[in-house]
Amino acid sequence: MTVDLDAAPELFGYAHPERLVTTAWLEKNLGHDGLVVVESDEDVLLYEVGHIPGAVKIDWHTDLNHPVERDYINGEAFSDLMIKKGISRDTAVVIYGDKSNWWAAYALWVFTLFGHEDVRLLNGGRDKWIAEGRALTSNPSTPAPAEYPVIYRDDTEHRAYREDVLAHLGNPLVDVRSPEEYVGDRTTAPAYPEEGTLRAGHIPTAVSIPWARAAAEDGTFRSIEELTAIYRDELGLTEEDEVIVYCRIGERSSHTWFVLTYLLGLDGVQNYDGSWTEWGSAVRVPIVKGAEPGVVPV
Amino acid sequence: MSEIILPPSLTAIRDDFLALEQRDRLQLLLEFSQELPALPPRYAEHPDLLERVEECQAPVFIFPEVDSDGIFHLHATAPAEAPTTRGFASILAQGLDGLTAQQVLDVPDDFPYMIGLTEAVSPLRIRGMLGILGRIKRAVRAHLG
């Protein structure tokens, strides 16, 4: 790797501490050769309001989603995006964003589908950086174009499709949405706009562990001890498990995917990005309402 | 094909956006978000404001009014961390303020799609603005009885 890892003691204990950096580390390493900082937010204008000096913007809608189909961009488009943002294949990329890093984790997950090796999250994201009074600028960054090969996206390891979920029933399945969405009282997060879902509830056998349980008040990830208590002790996940996580459109579950994969070190975790907006609208898939996970349909 | 008639205030906003390149349209939206005035004191302690739901996408609170002369006014607030939503509310506040209630009801429901932001902001996000316009019209309709 071209850029040193963050050796902060608070990252010790996570299975893959190399996937996180602290705000102090990032401030010290800004401008380092081989490091590119990426902001990825829910709100498309937040970067323009102010961002970490030198950071580039990658938007999940306008940059990472396929412009026509409900899918991600292809290898050519990803390569073009990386070139434009000054990212080479061996660049260390640090991603941060709003909302406890939902969209940053989502962007990191997409980078992972393209096999970008060194991609890290800023622990605590945008809010922590600002709360600590660190520098912001509203000057857009103008990175020098980089070179990036065309890499074909590999969805097999980290992404689940609807048919994968159907075949998976009976194995660990985690619903990270709000309790109201899980029970089936509503189809969107509280106060979110309706997005066309026809039915409410959850996928049979899915256990409810809202994403926010993995986040501390300041937006950083909870300690390894706390995460172990939730996901290993309470939920019973082990290294042997194949796990699928989902939410409404795959962004909150990217946060949990990151926690399970890189902080707890489970290898077989997939994010079902179709999530409830697909499942709740699909014809003839099983749905359970109420607080109980339900059983595998026979 | 019938020409869509927009009030002059909305026409001006639309033309301002359409005259710009995509990335400059975002900048104009940002300027709108910065121009959203603070709520007047009589709304500052509105009970709705106390019902902020966490984990919600850009909570926006709107206070549509029709005064005794039948003229429409809009006050709105959204958090600073949601500049896109603030921008949407500000466009509608500036574009609808001073119209008659009937003129507000006559604004096409799909006005948010006419201002050239679909590509810069994404169609999904534009739906947030459709929602705000829908709520405004509902309130005006209720006022007219």
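Here the structure is a predicted model, which means the values were calculated and not measured.

### Quick look at the overall build of chain A
- Helix and strand content of chain A: 11 helices and nine strands.
- Relative to the globule expectation of 19 Å for 298 residues, the C-alpha radius of gyration of chain A, 19 Å, shows essentially globular dimensions.
- A principal-axis box enclosing the C-alpha atoms of chain A has dimensions of 55 × 45 × 35 Å.
- Residues classed as buried in chain A amount to 58% of the 298 residues present.
- For chain A, the proportion of contacts with a sequence separation of at least 24, taken over those separated by at least 6, is 76%.

### Some words on helix 10 (residues 252–263) of chain A
Residues and elements named next belong to chain A.
- Given a rise of 1.5 Å per residue, 12 residues ought to cover 16 Å, and the 16 Å separating the end C-alpha atoms of helix 10 matches this to within 8%.
- When you tally the buried positions in helix 10, you get 12 out of 12 residues, the bulk of the element.
- Taken as a whole, helix 10 has its buried residues at R252, S253, S254, H255, T256, W257, F258, V259, L260, T261, Y262 and L263.
- Remark: G265 follows helix 10 within two positions and exhibits a positive phi of approximately 80 degrees.

### Topic: the side chain of H51 of chain A
Residues and elements named next belong to chain A.
- On the secondary structure map, H51 appears in the loop between helix 2 (46–49) and strand 3 (56–57).
- Of the polar contacts made by the side chain of H51, one reaches the backbone oxygen of N139; its length is 2.9 Å.
- Apart from the residues within four sequence positions on either side, H51 is in contact with E39, Y96, R126, A135, L136, T137, S138, N139, P140 and S141.

### Quick look at empty space enclosed by the protein
Residue and element names in this part refer to chain A.
- Applying the stated rule across the entire model yields one cavity of 30 Å³ or more.
- The space that makes up the largest cavity amounts to roughly 40 Å³.
- Lining the largest cavity are E39, S40, D41, D43, V44, L45, L46, Y47, K57, I58 and D59.
- Residue composition of the lining of the largest cavity, grouped by class: five nonpolar, one polar and five charged.

### So, the pattern of salt bridges
Residue and element names in this part refer to chain A.
- As enumerated under the stated definition, the model contains 24 salt bridges over all chains in all.
- Here E39 makes a salt bridge to R126, at a shortest N to O gap of 2.7 Å. Residue E39 is found in strand 2 (residues 35–39), and its partner R126 is found in helix 6 (residues 125–131); the two are separated by 87 residues along the sequence. Take E39 and R126: they sit in the same class, and that class is buried.
- The closest approach of N and O atoms between K99 and E42, which form a salt bridge, is 3.7 Å. With K99 in the loop between strand 4 (92–96) and helix 5 (102–113) and E42 in the loop between strand 2 and helix 2, the pair connects residues that are 57 residues apart, well separated along the chain.
- Overall, K99 belongs to the partly exposed group, its relative accessible area being 23%.
- Put simply, D71, R153, D155, R159 and D273 are held in one network by salt bridges that share partners.

### Re the environment of D241 of chain A
Residue and element names in this part refer to chain A.
- Looking at the secondary structure, you find D241 in the loop between helix 9 (224–234) and strand 8 (242–246).
- Distance from D241 to L266, taken between C-alpha atoms, is 7.9 Å for residues 25 residues apart in sequence.
- When near neighbours in sequence (up to four residues on either side) are disregarded, D241 contacts P172, G236 and G268.
- A polar atom in the side chain of D241 sits 2.9 Å from the backbone nitrogen of T238.

### Looking at the UniProt feature "domain: Rhodanese" (unreviewed entry) in chain A
- The sites that UniProt annotates as "domain: Rhodanese" (unreviewed entry) are residues 31–138 and 173–288 of chain A.
- Helix makes up 35% of residues 31–138 of chain A and strand 15%, whereas the separation of the span's terminal C-alpha atoms amounts to 17 Å.

### Topic: the sheet that holds strand 4 of chain A
Residues and elements named next belong to chain A.
- Read from one edge of the open sheet, five strands run 1-5-4-2-3, paired in parallel fashion. The open sheet is flanked by strand 1 (20–21) and strand 3, the only strands paired with a single partner.
- Sheet topology note: the strand 2/strand 3 ladder contains two bridges and is parallel. Counterpart to E39 in the pairing with strand 3 is K57.
- Against the sheet, helix 5 engages strand 4 and strand 5 (119–122), with an angle of about 175 degrees to strand 5.

### What to know about the domain arrangement of chain A
Residue and element names in this part refer to chain A.
- Split by domain assignment, chain A resolves into domain 1 (9–132) and domain 2 (162–280).
- One C-alpha centre belongs to domain 1, the other to domain 2; they are set 21 Å apart.
- With 23 residues of domain 1 in contact, the opposing surface of domain 2 contributes 28 residues.
- Roughly 2300 Å² of surface becomes buried between domain 1 and domain 2 when both sides are summed, with 65% attributable to carbon and sulfur atoms.

### Section: the sheet that holds strand 6 (residues 173–175) of chain A
All names here are of chain A.
- With respect to topology, four strands assemble into an open sheet ordered 7-6-8-9, the strand pairing being parallel. Every other strand in the sheet has two partners, leaving strand 7 (207–208) and strand 9 (268–271) as the edge strands with one partner each.
- Helix 10 contacts strand 8 and strand 9 of the sheet and is inclined by roughly 170 degrees relative to strand 9.

### Some points on helix 4 (residues 75–84) of chain A
Residues and elements named next belong to chain A.
- Buried within helix 4 we find G75, F78, S79, L81 and M82. Looking straight down helix 4, one finds its buried side chains confined to an arc of 160 degrees; they lie on one side. The exposed set on the far side of helix 4, more than 90 degrees from its buried face, consists of D80 and K84.
- In this structure, the buried residues of helix 4 make contact with helix 3 (60–64) and helix 5.
- With a side-chain oxygen lying 3.2 Å from the backbone nitrogen of E76, the N-terminal cap of helix 4 falls on N74.
- G86 lies just past helix 4 and shows a positive phi near 75 degrees.

Reading the values: the criteria
Here the residue numbering is sequential within each chain, running from 1 through the sequence in written order. Ligands are numbered from 1 and chains lettered from A, in the order in which they are written. Local features are withheld for residues below a pLDDT of 70 in this predicted model, meaning they are given only at 70 or higher, and side-chain atom pairs are given and counted only at 80 or more; totals for whole chains, interfaces and linings count all residues. Excluded from the side-chain calculation are hydrogens and water; included are all heavy atoms of the structure. Each helix corresponds to a stretch of at least 4 residues labelled H or I by DSSP, and each strand to a stretch of at least 2 residues labelled E; elements are numbered beginning at the N terminus. Every radius of gyration here is taken over C-alpha atoms, with the globule rule written as 2.2 Å times N^0.38, N being the number of residues. Partly exposed describes any residue whose relative accessible area lies between the buried limit of under 20% and the exposed limit of over 50%, with all areas from a 1.4 Å probe on protein chains only and scaled to the type maximum. Contacts are residue-level and defined by heavy atoms, with any inter-residue pair within 4.5 Å sufficient. By this rule, a helix spans an expected 1.5 Å times one less than how many residues it contains. In the analysis that follows, any N or O atom pair within 3.5 Å is treated as a polar contact, provided that within protein one partner can donate a hydrogen and the other can accept it, and provided that, for residues neighboring in sequence, both atoms belong to side chains. A 1.4 Å probe that fits into a set of points on a 1 Å grid over the protein atoms alone but cannot get out defines a cavity; an open set with protein on both sides within 12 Å along at least five of seven lines defines a pocket, and lining residues are those with an atom within 4 Å of a point. Grid points are joined across faces, edges and corners, and a volume is the space filled by probe spheres set on the points. Note on residue classes: Ala, Val, Leu, Ile, Met, Phe, Trp, Tyr, Cys and Pro are nonpolar, Asp, Glu, Lys and Arg are charged, and everything else, Gly too, is polar. We define a salt bridge as a side-chain nitrogen of Lys or Arg found within 4 Å of a carboxyl oxygen belonging to Asp or Glu. UniProt positions are given in the numbering used here, feature names are shortened, and annotations may be inferred rather than shown by experiment. Pairing between strands requires that DSSP locate at least two bridges from one strand to the other. Here the axes come from fitting lines to C-alpha atoms, over the contacting stretch only for helices, and the angles between their N-to-C directions go from 0 to 180 degrees. Where each domain begins and ends is defined by an automated method or by a domain database. We define buried area as the total accessible area lost by two parts upon association, computed with a 1.4 Å probe and summed across both. Note that the arc is computed from the directions linking the helix axis to the C-beta atoms.

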